[in-house]
Amino acid sequence: MGFDAGRIRRGEIVAGGGGVLLLAGLFVLPWYAVRGPAGELRLLDGWQALTTTRWVLLVTIAAALALVFLTASRRSPALPVVASMLSCLLGGLSTVLLLFRVIDHPGLSARAGIYIGFVAALAIGYGAYLALRTEGSWFGDPGSIKTVSPRSPEPTSAGRPGP
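My aim in this report is to walk through the structure given alongside it, one point at a time.

Cut-off values and rules
- Residues numbered from 1 in each chain as written.
- Predicted model: local features only at pLDDT ≥ 70, side-chain atom pairs only at ≥ 80, totals over all residues.
- Heavy atoms only, no water.
- Core = buried A, V, L, I, M, F, W, Y, C linked by side-chain atoms within 4.5 Å.
- Buried < 20%, exposed > 50% of the residue type's maximum accessible area, 1.4 Å probe, protein only.
- Helix = DSSP H or I, 4+ residues; strand = E, 2+ residues; numbered from the N terminus.
- Contact = heavy atoms within 4.5 Å.

### Looking at the nonpolar core
Turning to step 1, where the next piece is worked out: Ranked by internal contacts, the top residues of the largest apolar core, which has 17 residues, are Leu-22, Trp-31, Tyr-32, Leu-50, Leu-57, Leu-98 and Ile-114.
Turning to step 2, where the next piece is worked out: Within the residue set of this core, elements represented by two or more residues are helix 1 (10-27), strand 1 (30-35), helix 3 (53-73), helix 4 (78-103) and helix 5 (112-135).
Turning to step 3, where the next piece is worked out: Sorting elements by how many residues they give to this core places helix 5 first, with four residues.
Turning to step 4, where the next piece is worked out: With near-sequence residues (within four places) excluded, Ile-114 lies in contact with Pro-30, Trp-31, Tyr-32, Leu-98, Arg-101 and Val-102.
Turning to step 5, where the next piece is worked out: Counting residues in hydrophobic clusters, the runner-up holds eight residues, among them Ala-15, Leu-67, Cys-88 and Ala-128.

### A closer look at the environment of Ala-120
Turning to step 1, where the next piece is worked out: Locating Ala-120 in the fold gives a position in helix 5.
Turning to step 2, where the next piece is worked out: Given the relative accessible area of 1%, Ala-120 is considered buried.
Turning to step 3, where the next piece is worked out: Taking the C-alpha atoms as reference points, Ala-120 and Val-14, separated by 106 residues in sequence, lie 9.2 Å from one another.
Turning to step 4, where the next piece is worked out: The contact partners of Ala-120, leaving out residues within four places of it in the chain, are Gly-18, Leu-21 and Leu-22.

Right under this line is the structure:
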């Protein structure tokens, strides 16, 4: 049950990269600029500017990084599939929340960090979606459903249909 980086596929790479980018952007990059009481320009990072949304973003980052870790360390696909589904849902929620903050930022001047955070959240959701598609476990995926017609008889060893 060791860590095997060879198990990580493109979807996990995209989701994990989005998680790392969102984590760095949340604490390092300026998201908004505001005028202080003396008229000076003050830059706010994502952690300072987003009081409620930051917790959703933090859980989304943790889910994306857990997806990469679980995929590389588990032989069974059960936990990585659950992590993919959770990352996909949280990535979508974070994308919608950040899109709202991109569109509606009253009294604040948007900076590059908010756009990079939006793209990173989008990457997490898309990468988790790719991981689910690769695993063949996405709801409604016609390739993951195997159907057997009850009317077609099983062939016998001679190659002819049986009784």
